[in-house]
Amino acid sequence: MLENITQAFHYFASWQNILAIGGGMLIGIIDGAIPGMTGTMAVAVALPFTFYMDPITGILMLVGIYKGAIYGGSISAILINTPGTPAASCTLLDGYPLARMGKAGKALKMALYASVTADFISNLALILFAGIIASLALQFGPPEFFTLICFSLTIIAGVSGDSLLRGLTAGCMGLLAATVGLDLVYGTSRFSFSNPDLMAGFSFIPVLIGLFALPEIINMAAVGIKEQTVISNKDSSTLTLKEYLASFKSIIRGSIFGVIMGAIPGIGGAPTAFLSYSEAKRTSKHPEEFGKGSLEGVAASEAGNNGCCGATMIPLLSLGVPGDVITAVILGCFMIHNLTPGPLLFQQNINTVYAIFMGIMLSSFFMFVLGHYSIKFFSKVADIPKQLLFPIVLVLVFYGAYAVNNSMFDVLIMVCMGFLGFFMMKVGLPAAPFLVAFILGPMFEDNLRRSLLLSKGSVEIFVRSPICWFFLALTALTVFLMIRRNFQRSEK
């Protein structure tokens, strides 16, 4: 064991590996801060550059880009109300209101510290509990996934603002939007109106950008700018240790959610961020501050999505199954260098695995250092007058929507979603439940129908295992607590 660790350190301790993890982290942060430039896109673009690199160097560079992009998405979410990555779509709920109150620096630092803490915990989980969590994830079939998603959909009520009914209405709209495209089981067309561009459904990035970024710009054009909102305020931009510790419980809980959900293939950072956010709001001493500028909300969201990063490597390394889309691209890097993830990887290339673990642990340090200095640079965006900032944002969102598939149809979808988001803003329908339901809708339908096909229509399959019972009980408990909270609020 000690000999393997010593040999792995010899493999890792080179300037090329240090530069790869640090350079990858910087590229990822910049990429994540640009709306539309997702982490998947950045890792996919960087993959060909790893062909002639040492396997450890290439893998660490891609891991650095992955982690940097997930954190970087919070920067644009906080400053311009446009998440750079889907995983940061929950961060804007409190990040942007904090920025409007002149606390952008405080919000950015809380996002950084929560991200670094969660990333470190996730890395430890990858190293210490890979086998245990991967074996648990292996027990998930369609019924278990369905009950898990049912529980996740109860998050809609948790982020629905002051009205449970409005939140559920927005959630139903999101589920309806998720049904557009080809049927997941039979391949028949639904709501496509014979338009080939709708066969694949709505792309996530145009929907995300249109729903959160364009309404602000449309509203500015409709009512005009009454006053310049000063976002960077030196007197209130310093995050104190007391404020960090006040959110520490939510950060740890979000990190644990991230580890568990990240180890389950296909869940991803966005649903986990909303789950962490919902639990933080439910258990907070000041739940009324959530959605209006809560540091704890920012911390919970960033802990949830960054906690997934290391955990998504657990099924990849232990089982050879990618935890999400980005780790699927990283899997390609393993295969290019004749490394086959799975149990044999630990038997035949244990020194390489340990060297990768060392680089992954170092990535948390680079995230802290590079994130700390990038805040000073990116926070200057907030000093730009809105008359200049909003046109720049408009160009970025159009570019971001187009760059996903190089399709003008995606731009049209983004514009339509922008006007829908503006309408929802005016009538008081929250956008977050729409987004949660849109993300989880395809997984919800797919696992429901696969379960019923396996059981030939019998619903007993949904109570076949302790995992199903566990998530059904959590769902029932969550619904009961939120209905009770809604009645108490109505009485007051």
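Residues numbered from 1 in each chain as written. Predicted model: local features only at pLDDT ≥ 70, side-chain atom pairs only at ≥ 80, totals over all residues. Heavy atoms only, no water.

**Concerning the overall build of the protein**
Step number 1: When helices and strands are tallied, the protein shows 23 helices and two strands.
Step number 2: Expressed as a percentage of the 492 residues in the protein, the buried residues total 58%.
Step number 3: A total of about 21,000 Å² of accessible surface is found on the protein, and carbon and sulfur atoms cover 68% of it. (Helix = DSSP H or I, 4+ residues; strand = E, 2+ residues; numbered from the N terminus. Buried < 20%, exposed > 50% of the residue type's maximum accessible area, 1.4 Å probe, protein only. Areas by Shrake-Rupley, 256 points an atom, 1.4 Å probe, with all protein chains shown as cover.)

**Section: the packing of aromatic side chains**
Step number 1: Enumeration according to the criterion identifies eight aromatic pairs in this entry.
Step number 2: Between Tyr113 and Tyr244, the aromatic rings sit 6.4 Å apart at their centres with planes inclined by 85°, giving edge-to-face as the arrangement. Residue Tyr113 is located in helix H6 (residues 104-138), and its partner Tyr244 is located in helix H12 (residues 241-246); the two are separated by 131 residues in the primary sequence.
Step number 3: Exposure remark for Tyr244: the relative accessible area of 14% places this residue in the buried category.
Step number 4: Taking the centre distance of 5.1 Å and the plane angle of 40° together, the rings of Phe146 and Phe444 count as tilted. With Phe146 in helix H7 (residues 142-153) and Phe444 in helix H22 (residues 431-454), this pair connects stretches of sequence that are 298 residues apart.
Step number 5: Through a chain of ring-to-ring contacts, the aromatic side chains of Tyr113, Tyr244, Phe248 and Phe368 assemble into a single cluster. (Phe/Tyr/Trp six-rings, centres within 6.5 Å; stacked < 30°, edge-to-face > 60°.)

**A look at the packing of helix H10 (residues 204-212) against helix H21 (residues 408-427)**
Step number 1: Remark: H10 packs on H21, axes separated minimally by 7 Å, with the N-to-C direction vectors making an angle of 35°. Viewed along their axes, H10 and H21 form a crossing whose handedness is right-handed. Together, Pro206, Val207, Ile209, Gly210 and Leu211 of H10 and Asp410, Ile413, Met414, Met417, Gly418, Gly421 and Met424 of H21 make up the contact between the two elements.
Step number 2: Classifying every residue of the contact of H10 with H21 gives eight nonpolar, three polar and one charged. (Axes fitted to C-alpha atoms, helices over the stretch in contact; angles between N-to-C directions. Left-handed = near helix turned anticlockwise from the far one by under 90°. Contact = heavy atoms within 4.5 Å. Nonpolar A, V, L, I, M, F, W, Y, C, P; charged D, E, K, R; others polar.)

**As for the nonpolar core**
Step number 1: Judged by nonpolar contacts, the single largest core of 83 residues is most densely connected at Val43, Leu62, Ile330 and Phe334.
Step number 2: The element best represented in this core is helix H4 (residues 55-80), accounting for 14 residues.
Step number 3: Val43 has contacts with Leu62, Ile65, Tyr66, Ile326, Val329 and Ile330, leaving out every residue within four places of it along the chain.
Step number 4: Counting residues in each nonpolar core, the second largest holds 37 residues, with Leu198, Ala280, Phe290 and Ala431 among its members. (Core = buried A, V, L, I, M, F, W, Y, C linked by side-chain atoms within 4.5 Å.)

**A look at H7**
Step number 1: Between the first and last C-alpha of H7 there are 16 Å, a value that for twelve residues agrees with the 16 Å anticipated at 1.5 Å per step.
Step number 2: Of all twelve residues that make up H7, twelve are buried, and the element is covered over most of its length.
Step number 3: If you check which residues of H7 are buried, you get Pro142, Pro143, Glu144, Phe145, Phe146, Thr147, Leu148, Ile149, Cys150, Phe151, Ser152 and Leu153. (Expected span 1.5 Å × (residues − 1).)

**Quick look at unusual backbone geometry**
Step number 1: Despite not being glycine, Phe191 shows a phi value in the positive range, around 55°.
Step number 2: Residue position: Phe191 is located in the loop between strand E2 (189-190) and H10.
Step number 3: The exposure class assigned to Phe191 is partly exposed, which follows from its relative accessible area of 48%.
Step number 4: Here the phi dihedral of Lys456 falls at roughly 55°; this positive angle occurs in a residue that is not glycine.
Step number 5: Along the chain, the position of Lys456 falls in the loop between H22 and helix H23 (466-491).

**Some words on the side chain of Asp94**
Step number 1: Examined against the element boundaries, Asp94 turns out to sit in helix H5 (residues 92-100).
Step number 2: Within polar-contact distance, the side chain of Asp94 engages the backbone nitrogen of Lys292 at 3.4 Å.
Step number 3: With near-sequence residues (within four places) excluded, Asp94 lies in contact with Tyr277, Glu289, Phe290, Gly291, Lys292, Gly293, Ser294, Gly297 and Val298. (Polar contact = N/O pair within 3.5 Å; in protein donor to acceptor, adjacent residues only side chain to side chain.)

**Re the pattern of salt bridges**
Step number 1: Taken as a whole, this structure holds nine salt bridges when the rule is applied.
Step number 2: The closest approach of N and O atoms between Glu279 and Arg282, which form a salt bridge, is 2.8 Å. In this pair, Glu279 and Arg282 are both assigned in helix H14 (residues 269-283), three residues apart and thus about one turn of the helix distant.
Step number 3: Taking relative accessible area as the criterion, Glu279 reaches 12% and is therefore assigned buried.
Step number 4: Residue classification places Arg282 among the partly exposed residues on the basis of a relative accessible area of 40%.
Step number 5: Residues joined in a network through salt bridges with shared partners are Asp183, Arg190, Glu445 and Arg449. (Salt bridge = Lys/Arg side-chain N within 4 Å of Asp/Glu carboxyl O.)

**Focus on the packing of H4 against H5**
Step number 1: Running from N to C, H4 and H5 cross one another at 50°; their axes reach a closest spacing of 6 Å. Between H4 and H5, the angle falls in the class oblique. In this structure, the crossing between H4 and H5 has a hand that is right-handed. Taking contact as the criterion, the partners of Ala77, Ile78, Leu79 and Ile80 in H4 are, on H5, Leu92, Gly95, Tyr96 and Ala99.
Step number 2: The residue makeup of the contact of H4 with H5, split by class, is seven nonpolar, one polar and no charged. (Parallel < 35°, antiparallel > 145°, perpendicular 65-115°, else oblique.)

**Quick notes on the environment of Ala213**
Step number 1: If you trace the backbone, Ala213 turns up in the loop between H10 and helix H11 (214-223).
Step number 2: The buried category is assigned to Ala213, whose relative accessible area is 4%.
Step number 3: Counting along the chain gives 184 residues from Ala213 to Val397, while the straight-line C-alpha distance between them is 7.5 Å.

**Side note on the environment of Met408**
Step number 1: Looking at the element boundaries, Met408 is found in helix H21.
Step number 2: Judged by its relative accessible area of 58%, Met408 falls in the exposed class.
Step number 3: Taking the C-alpha atoms as reference points, Met408 and Phe398, separated by ten residues in sequence, lie 9.4 Å from one another.

**Side note on the confidence of the model for the protein**
Step number 1: Of all residues in the protein, 86% have pLDDT values of 70 or greater, and the mean over the chain is 79.
Step number 2: In the predicted structure, residues 226-236 sits below a pLDDT of 50 and forms 22 contacts with residues beyond four places in sequence or in another chain. (pLDDT = per-residue confidence, 0-100.)

**Regarding helix H15 (residues 295-311)**
Step number 1: With 17 residues, H15 extends 25 Å between its outermost C-alpha atoms, agreeing within 8% with the 24 Å of an ideal straight helix rising 1.5 Å per residue.
Step number 2: In terms of burial, H15 is a largely internal element, 17 of the 17 residues being buried.
Step number 3: Sitting at the head of H15, Ser294 places a side-chain oxygen 3.3 Å from the backbone nitrogen of Glu296.

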